[in-house]
Amino acid sequence: MECSSWVGIALAGLSVLCVAQCSLSDVPELTNYTFPDDFMLGVSTAAFQIEGGWNEGGKGESMWDTYIHKHPEYTLDRSNGDVAADSYHKWREDIRMIQDLGVSYYRMSISWPRLLPNGTDNNISKDGANYYRRIFKELKRLNITVLVTLFHWDMPTPLMDLGGWANPKIVDYFEDYARVAFDLFGDVVNIWTTLNEPHQHCYNGYGNNYFVPALQSHGVGEYLCTHYMLLAHARVYHLYDREYRPKQKGKIGITLDAFWAEPHDSSKPEDHEAAERYLQMHFGIYAHPIYSKTGDYPAIVRERVDNISLHQGFARSRLPYFTLEEIDQLHGSSDFFGLNHYTTFLMAPSSFEETWRVPSLDHDTGVRLTQNPNWPKPGADWFTVYPPGFRKLLNWIKRNYGSDIPVIITENGSCDFGGLKDYERVSYYNKYLYQMLLAMYQDGCNVQGYFAWTLMDDFEWTDGYVSKFGLYHVDFNDPNRTRTPKLSAINYREIVRTRQINFDFIKPPGRPLHDNRI
Ligand code: NOJ
């Protein structure tokens, strides 16, 4: 590793000058913008992926515990979340790592079954409550603001047995759980998100079998999941707004996810149309009811699912309707736009692909996804690196939902298969953050925060411990689960310290400086 502080200082000077004096169109290509003083820089984790302690302190089972204990072959390496990174015992060390990175924000989730072992509020685990309360208090003492997600995919098994998010009653149970969390922790937690990535959860878990509960209720259960997750989110937003915000003075929102959709052939109007349709069917379906001017599902989603359902012989649309009151409840039900973004796919229209089932969201969307073979693929198969996609996505959000709503990037990060010298991850962060800054400074996108995914290597769902996203390496063969910073941790710490990106701070051996900055 070599540090080139001269270049950093020169660029720092340049950016200060430009922010003060240049009009946006004058800004030179290499300007290294600084993160505004009040910009939130943080790091993210999720309970099931790091905690372990799967049956300790009276914790109930989550559907991931139950499913992979029954089907050990489900994960790539036949692993499970029983111990994971053992954060249940090592949380103090984790907080030290957060401190070492120098970030002032930390996003984590509460395990619903750790707090409510049966999923219901008649039985609150004392140990579970103490575990989270100690973490939140310690973070507060250290001036680290915590952003807490209520649901990051670990549904209590007894509620999954009742249908999980496909059962309308879940809206009540989620509200009950949220009330317990606000009561217990609202004095030490000021930023909440209700749900993490409902799209990935419903599409992969209810429509397909890539995630637990692996229901494969394509085209039916996957839309029930969408519908009731949205309603549960709105219910909890209003609960907080009405009963807790006045005294706790916090904020509450939701985290949505999106790939960027790039036309496969940019000269073909039909590929542009397919890309737009994909974004509406997979992202707008969640964002439009909350953030658009009109509310409700996007018209194109409503029309397509209604019409296709009819042709398929269904008596009613597979996508439920909101009542006027529900449309109203959802509309504006988020104080910020939480966004997770990782990668880009190429889009072209298609009426049928061999991998699609009928009915399904894939088939209703009618878009074929492919990858650009020229884009780097440092890890999992779904993951290619195309930094400009991030800027384009932020602009799409601005075009569709305006720039009043603050966007907080609740996750972004790179995948590989391990190693401390993670140059590709360093490069990913530098380039994606750079594109985000361009979106902010050159395009006027209202981004107010960024959380790197993730603090440390963890249980990457179906991939088990094979795919890595951590800034810190975790030795999963060591009972101590020893943590070691990777180069990307050192690089991120420097970004946080200087509040700008220095592309030359960590240089991959044998590669030219600024190999490319797109
Ligand atoms: C988004 C999910 O929220 C997180 O749990 C997962 O590990 C990352 N994507 C990487 O796949």
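See the structure shown above.
These lines cover the structure that appears in this document, whether it is placed above or below.

What counts and what doesn't
Residues numbered from 1 in each chain as written. Predicted model: local features only at pLDDT ≥ 70, side-chain atom pairs only at ≥ 80, totals over all residues. Heavy atoms only, no water. 1 Å grid on protein atoms, 1.4 Å probe; cavity = no way out; pocket = protein on both sides within 12 Å on 5 of 7 lines; lining within 4 Å. Points joined across faces, edges and corners; volume = space filled by probe spheres on them. Helix = DSSP H or I, 4+ residues; strand = E, 2+ residues; numbered from the N terminus. Pairing = 2+ DSSP bridges. Axes fitted to C-alpha atoms, helices over the stretch in contact; angles between N-to-C directions. Contact = heavy atoms within 4.5 Å. Salt bridge = Lys/Arg side-chain N within 4 Å of Asp/Glu carboxyl O. Buried < 20%, exposed > 50% of the residue type's maximum accessible area, 1.4 Å probe, protein only. Parallel < 35°, antiparallel > 145°, perpendicular 65-115°, else oblique. Left-handed = near helix turned anticlockwise from the far one by under 90°. Nonpolar A, V, L, I, M, F, W, Y, C, P; charged D, E, K, R; others polar. Near = heavy atom within 4 Å. Polar contact = N/O pair within 3.5 Å; in protein donor to acceptor, adjacent residues only side chain to side chain. Areas by Shrake-Rupley, 256 points an atom, 1.4 Å probe, with all protein chains shown as cover.

### Topic: empty space enclosed by the protein
Tallying each qualifying case throughout the model produces six cavities of 30 Å³ or more. What lines the second largest cavity is a set of 15 residues, among which Ile-50, Ser-87, Tyr-106, Met-108 and Ile-135 lie closest to the centre. Among the secondary structure elements, those contributing two or more residues to the lining of the second largest cavity are α2 (47–50), α4 (87–101), β2 (105–109) and α6 (126–141). Here the element with the most residues in the lining of the second largest cavity is α4; it accounts for five residues.

### Comments concerning the sheet that holds strand β3 (residues 145–151)
Overall, parallel pairing links the eight strands, which are arranged β1-β2-β3-β4-β5-β7-β10-β11 in a closed barrel. Recorded for the sheet is a direction-independent mean angle of 25° between the axes of neighbouring strands. Direction of pairing for β2 relative to β3: parallel, over a ladder of five bridges. Residue pairing across strands places Arg-107 opposite Leu-147, the latter belonging to β3. Strand contacts of helix α9 (residues 198–207): β3, β4 (191–196) and β5 (251–257), with the helix running at about 45° to β5, the strand carrying the most contacts.

### Focus on the pattern of salt bridges
Within this structure, the stated rule accounts for 24 salt bridges. Between Glu-93 and Lys-90 there is a salt bridge whose closest N-O contact spans 3.1 Å. On the criterion of helical spacing, the pair formed by Glu-93 and Lys-90 is a turn pair, its members being three residues apart in helix α4. On the basis of relative accessibility, which here comes to 26%, the residue Glu-93 falls in the partly exposed class. A salt bridge links Arg-391 to Asp-443, with the nearest nitrogen and oxygen atoms 2.8 Å apart. Residue Arg-391 is found in helix α15 (residues 388–401), and its partner Asp-443 is found in the loop between α16 (423–441) and β11 (447–453); the two are separated by 52 residues along the sequence.

### A short note on the packing of α9 against helix α10 (residues 221–248)
At their nearest, the axes of α9 and α10 sit 8 Å apart, and the two run at 150° to each other. Considering their axes alone, α9 and α10 lie roughly antiparallel with respect to each other. Viewed along their axes, α9 and α10 form a crossing whose handedness is right-handed. The residues of α10 that touch α9, namely those facing Pro-198, His-201, Cys-202, Tyr-203, Tyr-206 and Gly-207, are Gly-221, Glu-222, Cys-225, Thr-226 and Met-229. Partitioned by chemical class, the residues of the contact of α9 with α10 number six nonpolar, four polar and one charged.

### A word on the site of the ligand
With respect to spatial proximity, 13 residues lie near the ligand, and among them Gln-49, His-152, Asn-196, Glu-411 and Glu-460 are the closest. At 3.3 Å, a side-chain N or O of Trp-453 approaches an oxygen atom of the ligand. Here the ligand has 290 Å² of accessible area as a free molecule, and 95% of this is covered by the chains.

### Considering the environment of Thr-193
With respect to the helices and strands, the residue Thr-193 is situated in strand β4. Between the C-alpha atom of Thr-193 and that of Ser-334, which follows or precedes it by 141 residues, the distance is 8.8 Å. If sequence neighbours within four positions are ignored, Thr-193 has contacts with Leu-147, Val-148, Thr-149, Leu-150, Gly-253, Ile-254, Thr-255 and Phe-336. Among the polar contacts made by the side chain of Thr-193, one reaches the side chain of Thr-149 at a distance of 2.9 Å.

### A short note on the pairing of strand β7 (residues 337–340)
Residues Phe-337 and Leu-339 line one face of β7 and the alternating positions Gly-338 and Asn-340 line the opposite face, and both faces are buried. As paired strands, β5 and β7 are joined by four bridges and run parallel to one another. By the bridge assignment, Ile-254 is partnered in β7 with Phe-337. In terms of strand pairing, β7 meets strand β10 (residues 407–411) through four bridges, oriented parallel. If you follow Leu-339 over to β10, its bridge partner there is Ile-409.

### Re the sheet that holds strand β8 (residues 344–349)
Strand pairing in a sheet relies on backbone hydrogen bonds, with the paired strands running either antiparallel or parallel. If you trace the three strands from one edge of the open sheet to the other, you get β6-β8-β9, paired in mixed fashion. Two strands lie at the open edges of the sheet, namely β6 (260–263) and β9 (367–370), each paired on one side alone. Ignoring strand direction, the axes of neighbouring strands in this sheet form an average angle of 45°. Relative to β8, β6 runs parallel, the two sharing four bridges. Note that in β8 the partner of Pro-263 across the bridge is Met-347.

### Remarks on the pairing of β5
Within β5, six of the seven residues are buried, which leaves the element mostly enclosed by the surrounding structure. Bridge analysis of β4 against β5 gives four bridges, and the strand direction is parallel. Bridge assignment links Asn-196 to a residue of β5, and that residue is Thr-255.

Keep in mind that these numbers describe shape and distance, not what the molecule does.
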